[in-house]
Number of protein chains: 2
Amino acid sequence: MLDVRRLRLLRELHRLGTIAAVAQAFSYTPSAVSQQLSTLEREAGVPLVRHAGRRVELTPAGADLAARAESVLALLEEASAALAATRSELAGELRIGAFPTAVRTLLPSALVALGAAHPRLELLVTELDPAQVPDALRAGALDLALVHEYDYVPAEPDPALATEPLLIETIFLASAADRPASGDDALRQCAVLPWIAASPGTLCYLMAVRLCQAAGFTPRIRHHADDFATVLALVAAGQGVALVPELALPADPAGVVLTALAARRRTLIACRAGSAGHPAIAAGAAALRTAAGQYLAARTG
Amino acid sequence: MLDVRRLRLLRELHRLGTIAAVAQAFSYTPSAVSQQLSTLEREAGVPLVRHAGRRVELTPAGADLAARAESVLALLEEASAALAATRSELAGELRIGAFPTAVRTLLPSALVALGAAHPRLELLVTELDPAQVPDALRAGALDLALVHEYDYVPAEPDPALATEPLLIETIFLASAADRPASGDDALRQCAVLPWIAASPGTLCYLMAVRLCQAAGFTPRIRHHADDFATVLALVAAGQGVALVPELALPADPAGVVLTALAARRRTLIACRAGSAGHPAIAAGAAALRTAAGQYLAARTG
DNA sequence: ATCCAGCATTAGCTCAGCTTAAGTCCAAGC
DNA sequence: GCTTGGACTTAAGCTGAGCTAATGCTGGAT
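These lines cover the structure that appears in this document, whether it is placed above or below. (Residues numbered from 1 in each chain as written. Chains lettered and ligands numbered in written order. Predicted model: local features only at pLDDT ≥ 70, side-chain atom pairs only at ≥ 80, totals over all residues. Heavy atoms only, no water.)

### Considering the protein's contact with DNA strand C
So, point 1. As a matter of local geometry, DNA strand C sits amid 19 residues, with A:S34, B:R5, B:R6, B:T29 and B:Q36 nearest to it.
So, point 2. Of all DNA strand C atoms lying within 4 Å of any protein atom, the proportion belonging to sugar or phosphate reaches 70%.
So, point 3. Separating a phosphate oxygen of DNA strand C from a side-chain N or O atom of B:R5 is a distance of 2.7 Å.
So, point 4. Taking B:S31, its side chain carries an N or O atom lying 3.1 Å from a base oxygen of DNA strand C. (Near = heavy atom within 4 Å. Polar contact = N/O pair within 3.5 Å; in protein donor to acceptor, adjacent residues only side chain to side chain.)

### Quick word on the interface of chain A and chain B
So, point 1. Facing the 26 residues of chain A at the interface are 26 residues of chain B.
So, point 2. Surface buried jointly by chain A and chain B totals about 2100 Å² across both partners, of which 77% is contributed by carbon and sulfur atoms.
So, point 3. On inspection of chain A and its partner chain B, the count reaches zero salt bridges.
So, point 4. Counting the contacts that link chain A with chain B gives zero residue pairs in polar contact (both at pLDDT 80 or more).
So, point 5. Here the side of chain A that touches chain B gets 16 residues from one element, more than from any other, and that element is helix 4 (residues 60-86) of chain A.
So, point 6. When its residues are assigned to classes, the side of chain A that touches chain B shows 16 nonpolar, four polar and six charged. (Contact = heavy atoms within 4.5 Å. Buried area = accessible area lost by both parts, 1.4 Å probe. Salt bridge = Lys/Arg side-chain N within 4 Å of Asp/Glu carboxyl O. Helix = DSSP H or I, 4+ residues; strand = E, 2+ residues; numbered from the N terminus. Nonpolar A, V, L, I, M, F, W, Y, C, P; charged D, E, K, R; others polar.)

### Some remarks on the relation of the copies chain A and chain B
So, point 1. Overlaying chain A with chain B gives an RMSD of 0.1 Å, the required rotation being 179° about an axis along which the chain moves by 0.1 Å. On this basis, the relationship between the two copies can be described by a two-fold rotation axis. When C-alpha distances to the rotation axis are compared across chain A, the minimum falls at A:V72, with a value of 2.9 Å. (Least-squares fit on C-alpha atoms with pLDDT ≥ 70 in both.)

### Observations concerning the sheet that holds strand 9 (residues 242-245) of chain A
Residue and element names in this part refer to chain A.
So, point 1. The strand order across the open sheet built from six strands is 4-3-5-10-6-9, with neighbouring strands paired in mixed fashion. Looking along the sheet, the strands with just one partner apiece sit at the ends: strand 4 (121-127) and strand 9. Geometrically, the sheet is characterised by an average inter-axis angle of 30° between neighbouring strands, direction not taken into account.
So, point 2. Pairing between strand 5 (residues 144-150) and strand 10 (residues 257-272): seven bridges, direction antiparallel. Residue A145 lies in a different strand from strand 10, and its bridge partner there is A270.
So, point 3. Contacting strand 5, strand 6 (161-175), strand 9 and strand 10, helix 9 (residues 203-214) crosses the sheet at an angle of about 10° to strand 5. (Pairing = 2+ DSSP bridges. Axes fitted to C-alpha atoms, helices over the stretch in contact; angles between N-to-C directions.)

### Digging into empty space enclosed by the protein
Over the atoms rolls a probe the size of a water molecule, and in doing so it shows where empty space is left.
So, point 1. According to the stated counting rule, one finds seven cavities of 30 Å³ or more in the structure shown.
So, point 2. Estimates place the volume of the largest cavity at around 90 Å³.
So, point 3. A:M1, B:R8, B:R11, B:E70, B:L73, B:A74, B:E77, B:R138, B:P159, B:A160, B:R272 and B:A273 together form the lining of the largest cavity.
So, point 4. At the level of secondary structure, the elements contributing two or more residues to the lining of the largest cavity comprise helix 1 (4-16) and helix 4 (60-86) of chain B.
So, point 5. The leading source of residues in the lining of the largest cavity is helix 4 of chain B, at four residues.
So, point 6. Of the residues contributing to the lining of the largest cavity, the split by class is six nonpolar, no polar and six charged.
So, point 7. Two domains each provide a minimum of three residues to the lining of the largest cavity, namely domain 1 (4-83) and domain 2 (89-162 + 267-300) of chain B. (1 Å grid on protein atoms, 1.4 Å probe; cavity = no way out; pocket = protein on both sides within 12 Å on 5 of 7 lines; lining within 4 Å. Points joined across faces, edges and corners; volume = space filled by probe spheres on them. Domains from an automatic or database assignment.)

### Some words on the pattern of salt bridges
Residues and elements named next belong to chain A.
So, point 1. Going through the model one piece at a time under the given rule, you end up with 34 salt bridges over all chains.
So, point 2. For the salt bridge of R138 with D158, the shortest nitrogen-to-oxygen distance reads 2.9 Å. In this pair, R138 is assigned in helix 7 (residues 133-138) and D158 in the loop between strand 5 and strand 6, connecting sequence segments 20 residues apart. With respect to burial, R138 and D158 carry one shared label: buried.
So, point 3. D185 serves as the salt-bridge partner of R188, at 3.2 Å between the closest nitrogen and oxygen. Of this pair, R188 and D185 both sit in helix 8 (residues 183-189), three residues apart, which is roughly one turn of the helix. (Buried < 20%, exposed > 50% of the residue type's maximum accessible area, 1.4 Å probe, protein only.)

### Observations regarding the protein's contact with DNA strand D
So, point 1. Not every one of the 21 residues close to DNA strand D is listed here, only the nearest: A:R5, A:R6, A:Q36, B:S34 and B:R54.
So, point 2. For DNA strand D, the fraction of atoms within 4 Å of the protein that belong to sugar or phosphate moieties is 73%.
So, point 3. At 3.1 Å, a side-chain N or O of A:Q35 approaches a base oxygen of DNA strand D.
So, point 4. At 2.9 Å from a phosphate oxygen of DNA strand D is found a main-chain nitrogen or oxygen belonging to B:I19.
So, point 5. Where the surface near DNA strand D is concerned, the elements lending two or more residues are helix 1 (4-16) and helix 3 (30-44) of chain A together with helix 2 (19-25) and helix 3 (30-44) of chain B.
So, point 6. Here the surface near DNA strand D takes four residues from helix 3 of chain A, the largest share from any one element.
So, point 7. Classifying every residue of the surface near DNA strand D by side-chain character gives five nonpolar, 11 polar and five charged.

### So, the side chain of A:E12
Residues and elements named next belong to chain A.
So, point 1. Checked against the element boundaries, E12 lands in helix 1.
So, point 2. Judged by relative accessible area, which is 0%, E12 ranks as buried.
So, point 3. Not counting chain neighbours up to four residues away, the residues in contact with E12 comprise G17, V22, F26 and R138.

In structure tokens form, the structure reads like this:
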């Protein structure tokens with residue numbers, strides 16, 4: 001009988017590409033992962049990984065096994081969800097991961113509603129960049145998370161995860177001076193100005209670069225700030241221009257001129273494949289949908 | 001993440017009904033099974049088993065989980081089969097279980113053909129009563145087995161096993177004296193005679209009793225013998241009458257009069273669900289089909 | 001040519017999970 | 001009613017799987 005724990009490691013290796021990354025995802029040492037994969041390979045009787053330069057890659061047999069592992073893990077996830085659904089009361093932990101902006105805007109009301117409806121449910125919130133969310137979900141560090149999809153940063157489909165659209169926002173160009181042009185013309189006017197963007201490696205950073213590139217230039221990024229309040233303060237101080245999603249805007253963005261762009265940011269709810277039926281996860285997702293609805297109503301109303 | 005080893009114990013408990021039987025099936029002590037199930041229940045957070053008198057039974061949640069475990073285990077079995085299929089040569093063990101008659105008739109030629117075609121395949125044959133086959137397959141003690149289905153002993157469908165018809169035999173009434181009547185009338189003529197049957201608890205024993213009961217009487221079983229050669233010798237010695245399937249008959253059944261009955265014995269090939277694609281198991285099944293074909297050709301030719 | 005990121009290997013330790021043994025409870029039999 | 005026996009549970013102890021830490025090795029980058 002194939003060991004499911006080892007299959008899980010193989011699946012992660014399939015995606016992450018290096019043993020060290022798998023080890024990090026599971027809080028193991030690379031040695032442990034290497035040993036477990038060696039054992040799996042011995043049991044399988046077929047080479048599953050092979051050396052490719054100084055990293056490793058899956059053989060066709062390994063890739064096939066990883067795909068099958070995906071199905072097995074999804075079934076187990078469903079079984080867990082079914083068990084939790086038979087419990088009369090929601091209890092245990094619900095680990096939620098979200099990007100900083102959401103933690104400040106959408107999450108509070110969702111957490112209050114969840115806590116009131118399910119007092120025995122322990123809500124654990126982790127603030128993290130959406131780029132880290134898929135790994136954290138897959139490794140079991142999170143149960144429910146919010147991720148983004150930008151127009152020029154397509155989220156690659158992941159069979160281990162289930163997603164559901166939550167809300168769509170407009171992206172604004174924030175600058176200190178008034179811009180006569182609108183939309184992408186305004187963007188092009190900023191080609192020679194200094195830019196303020198998030199840290200390299202984050203989704204927001206990538207979004208800013210790609211969006212500018214699509215407009216025909218590469219932004220000269222002078223300042224890096226992940227917090228949009230800081231970003232807006234820098235913009236107001238005349239330090240450069242920036243791209244800011246609707247959700248990050250305060251009620252009165254003083255000293256900042258906002259120009260709506262054609263680009264959109266889509267926020268999704270994500271969980272592990274098979275776990276959407278878990279009552280705590282379903283309740284969490286519902287609370288987030290309600291919070292998003294309230295937010296949209298407040299904006300448009 | 002639910003532990004698949006523990007789920008397997010739960011699945012067996014679902015079928016076998018007692019912890020002691022599960023322990024026996026896996027060569028564990030009842031204590032070990034009890035502890036593992038307790039752990040599973042604690043992890044599940046829902047009662048899975050409850051006491052019913054001095055045994056235990058599954059709760060609805062437990063039964064549901066056991067059904068899900070069935071799917072998971074079948075997927076894992078398929079994954080193993082797919083791995084084995086990528087190996088260029090068939091190697092490893094193939095554990096075959098069969099009833100004594102088949103071991104002497106069908107198996108030898110099948111084993112010779114298999115051994116010649118796949119020299120690195122280790123063939124391990126176990127002689128056992130068909131009644132024990134399902135448990136042995138499910139517990140992983142066998143990979144491939146032959147089982148029977150009699151007209152009056154329906155094999156209950158088992159989601160954990162896959163079966164395939166192999167051959168259909170006539171059942172004969174064996175007696176020392178000539179019987180003028182044919183078919184079931186001959187059977188009824190033997191209502192008052194002493195009977196020779198297999199050991200209680202075996203499928204053949206059950207078949208004999210049920211068949212006679214269907215003919216309107218309960219057989220007075222004087223001798224018990226599992227070996228059909230012995231049975232025929234006892235019949236020839238005038239010790240009683242017996243029911244013998246076609247496959248068990250020697251070329252020249254001296255001193256015994258055989259009357260064909262309407263009842264049939266269907267022999268099936270069985271393996272674990274999901275393992276039919278395993279190349280060694282597929283090769284074994286193919287060899288058995290060939291052997292059965294040769295047998296039928298020799299009988300009819 | 002040198003450095004270093006990344007994987008393999010070894011030794012050693014910890015804990016999950018097994019067995020043995022004792023205890024509890026229920027059903028059947030004298 | 002009491003006893004006997006079977007089935008499950010609990011407690012204690014032991015073994016091995018599987019982890020960490022440390023070291024060595026190799027291929028690509030500077």
